[in-house]
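# Coordinate analysis (summary)
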Amino acid sequence: MKNIGFLSFGHWTPSSQSATRSAQDVLLQSIDLAVAAEELGADGAYFRVHHFARQLSSPFPLLAAVGARTSKIEIGTGVIDMRYENPLYMAEDAGAADLISNGRLQLGISRGSPEQVVEGYRYFGYAPQEGETDADMGRRHTEAFLEVLRGEGFAKPNPQPMFPNPPGLLRLEPFSEGLRERIWWGSGSNATAEWAAKMGMNLQSSTLKDDETGEPFHVQQAKQIRAYREAWKAAGHKREPRVSVSRSIFALVNDMDRAYFGRSGQEQDSVGFLDEKTRAIFGRSYAAEPEALIKQLAQDEAIAEADTLLLTVPNQLGVAYNAHVIEAILKYVAPELGWR
């Protein structure tokens with residue numbers, strides 16, 4: 001059995017060819033798709049976060065709305081860029097969204113990826129300290145966020161408060177019990193995966209990672225997951241961690257599927273550079289008739305290693321078509337692979 005959800009990047013563009021032509025469109029359609037996915041029996045609704053872009057950006061209003069409209073499906077992110085975040089304010093927002101959803105929040109966070117603007121986090125009021133990189137700052141914000149999610153008091157109360165306080169130091173409110181164990185780290189390398197394990201976070205690994213060995217993407221990603229689990233074991237955590245991978249997978253079951261994805265041209269991994277120093281490998285997409293797709297996916301070592309699979313969806317094609325994409329995997333592919 002495997003948890004299967006969708007991951008939406010939330011693109012919108014004012015084009016007649018897009019079903020999401022405004023920020024309002026993509027927000028409302030994201031809620032509707034989560035509701036549809038839950039009705040189909042999917043396990044998760046996850047959303048990417050990008051700033052300064054025509055994509056989803058502020059996740060917590062959306063997560064709270066999805067939580068209020070659904071009752072079973074996990075809701076989450078993949079991922080929030082911690083370079084941009086105030087850890088304490090974020091903890092309050094996350095606690096509220098988790099309580100609204102009755103403990104279904106699965107929050108993916110990370111150091112972030114290349115963004116639309118240069119050092120965009122500075123416009124949000126954040127800058128690395130002396131001797132820090134922006135990645136260091138993102139991890140520092142993360143450690144502060146994880147600390148306050150423990151729910152322990154740390155703030156000295158006002159001796160003459162407007163309202164009565166409980167005894168002792170005060171914690172942030174609202175506090176949601178158990179949320180700390182549902183934080184995931186989006187990792188692009190083996191080293192950061194091992195750091196996530198040490199910190200007691202679940203692991204999210206996408207279709208992009210540092211090209212560390214020159215092997216096929218799914219082989220490198222499977223090794224990353226194994227390294228993460230070894231580091232988790234060495235850290236002595238008591239619970240079992242969760243691991244997700246994301247994939248673009250399309251079962252071609254009708255003429256519309258074949259028109260959109262029948263010749264995707266992405267059947268092989270590709271290699272590029274994220275910056276001057278970072279060589280990255282991008283995982284292939286899968287698009288085929290269900291019988292062929294099943295055979296291809298059975299060879300993906302990283303999917304086999306993970307307990308959760310996130311299907312990246314083409315959100316600009318509209319809610320109905322994306323619900324069909326999810327349903328086709330759940331109906332024609334997942335049972336044959338033992339995922340259902």
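Source: prediction; values computed, not measured. (Residues numbered from 1 in each chain as written. Predicted model: local features only at pLDDT ≥ 70, side-chain atom pairs only at ≥ 80, totals over all residues. Heavy atoms only, no water.)

## Side note on the overall build of the protein chain
- The helix and strand tally for the protein chain stands at ten helices and 14 strands.
- In summary, the protein chain has a C-alpha radius of gyration of 20 Å against a globular reference of 20 Å for 340 residues, a match within 12%.
- Each of the three principal axes of the protein chain carries a C-alpha extent, and together these read 70 × 40 × 40 Å.
- Counting only residues that meet the buried cut, the protein chain has 51% of its 340 residues in that class. (Helix = DSSP H or I, 4+ residues; strand = E, 2+ residues; numbered from the N terminus. Rg over C-alpha atoms; globule rule 2.2 N^0.38 Å. Buried < 20%, exposed > 50% of the residue type's maximum accessible area, 1.4 Å probe, protein only.)

## Digging into the sheet that holds strand β8 (residues 208-210)
- Read across the open sheet, the three strands follow the order β8-β12-β11; overall the sheet is antiparallel. For this open sheet the edge positions go to β8 and β11 (270-273), each flanked by a neighbour on one side alone. For this sheet, the mean angle separating the axes of adjacent strands, direction not counted, is 30 degrees.
- In the sheet, β11 pairs with strand β12 (residues 279-282) via four bridges, with the strands oriented antiparallel. In the strand pairing of β12, Gly272 is matched with Ala280.
- Most of the contacts of helix α6 (residues 217-235) go to β8, to which it runs at about 70 degrees, and overall it touches β8 and β12. (Pairing = 2+ DSSP bridges. Axes fitted to C-alpha atoms, helices over the stretch in contact; angles between N-to-C directions. Contact = heavy atoms within 4.5 Å.)

## Thoughts on the side chain of Ser244
- The residue Ser244 is located in strand β9 (residues 243-247) in this model.
- The buried category is assigned to Ser244, whose relative accessible area is 2%.
- Sequence-distant contacts of Ser244, defined by excluding residues within four places in its chain, comprise Trp184, Leu203, Gln204, Ser205, Ala306, Thr308 and Leu310.

## What to know about the pattern of salt bridges
- The tally for this structure, following the rule as stated, stands at 23 salt bridges.
- For the salt bridge of Asp81 with Arg83, the shortest nitrogen-to-oxygen distance reads 2.7 Å.
- Take Asp81: its relative accessible area is 3%, and that puts it in the buried class.
- Note that Glu173 and Arg171 form a salt bridge whose closest N and O atoms lie 2.9 Å from each other.
- Looking at Glu173, the relative accessible area reads 45%, which means it is partly exposed.
- Accessibility expressed as a relative area gives 34% for Arg171, which makes it partly exposed.
- Among the ionic contacts, a cluster of salt bridges with common partners joins Asp81, Arg83, Arg111 and Asp134. (Salt bridge = Lys/Arg side-chain N within 4 Å of Asp/Glu carboxyl O.)

## A closer look at the packing of aromatic side chains
- Evaluation of the coordinates by the stated rule reveals ten aromatic pairs.
- Consider the rings of Phe52 and Tyr123, whose centres lie 5.8 Å apart with planes at 65 degrees: the pair is edge-to-face. Here Tyr123 lies in the loop between β5 (105-110) and α4 (134-148) and Phe52 lies in the loop between β2 (44-47) and α2 (59-69), a separation of 71 residues in the sequence.
- According to the relative accessible area criterion, Phe52 is partly exposed, its value standing at 42%.
- Both rings, one in Phe250 and one in Phe261, keep their centres 3.8 Å apart while their planes meet at 5 degrees; by these two values the pair is stacked. On the criterion of sequence distance, the pair formed by Phe250 in strand β10 (residues 249-251) and Phe261 in helix α7 (residues 255-261) is long-range, its members being eleven residues apart. Accessibility classification places Phe250 together with Phe261 in one group, the buried group.
- A network of ring pairs unites the aromatic residues Phe52, Tyr84, Tyr121, Tyr123 and Phe124 as a single cluster. (Phe/Tyr/Trp six-rings, centres within 6.5 Å; stacked < 30°, edge-to-face > 60°.)

## A few points about the UniProt feature "domain: Luciferase-like" (unreviewed entry) in the protein chain
- According to UniProt, the positions carrying the feature "domain: Luciferase-like" (unreviewed entry) are residues 9-255.
- As annotated, residues 9-255 comprises 35% helix and 14% strand, and the C-alpha atoms at either end are separated by 25 Å. (UniProt positions renumbered as here; feature names shortened; annotations may be inferred.)

## Quick word on helix α8 (residues 290-297)
- Every buried residue belonging to α8 is among Pro290, Leu293, Ile294 and Leu297, and all of these are buried. The arc that holds the buried residues of α8, viewed along the axis, is 105 degrees, so those residues lie on one side. Residues Glu291 and Lys295 are exposed on α8 and point more than 90 degrees away from its buried face.
- For α8, the secondary structure elements touched by its buried residues are β10, β13 (286-288), α9 (301-305) and α10 (319-333). (Arc of directions from axis to C-beta.)

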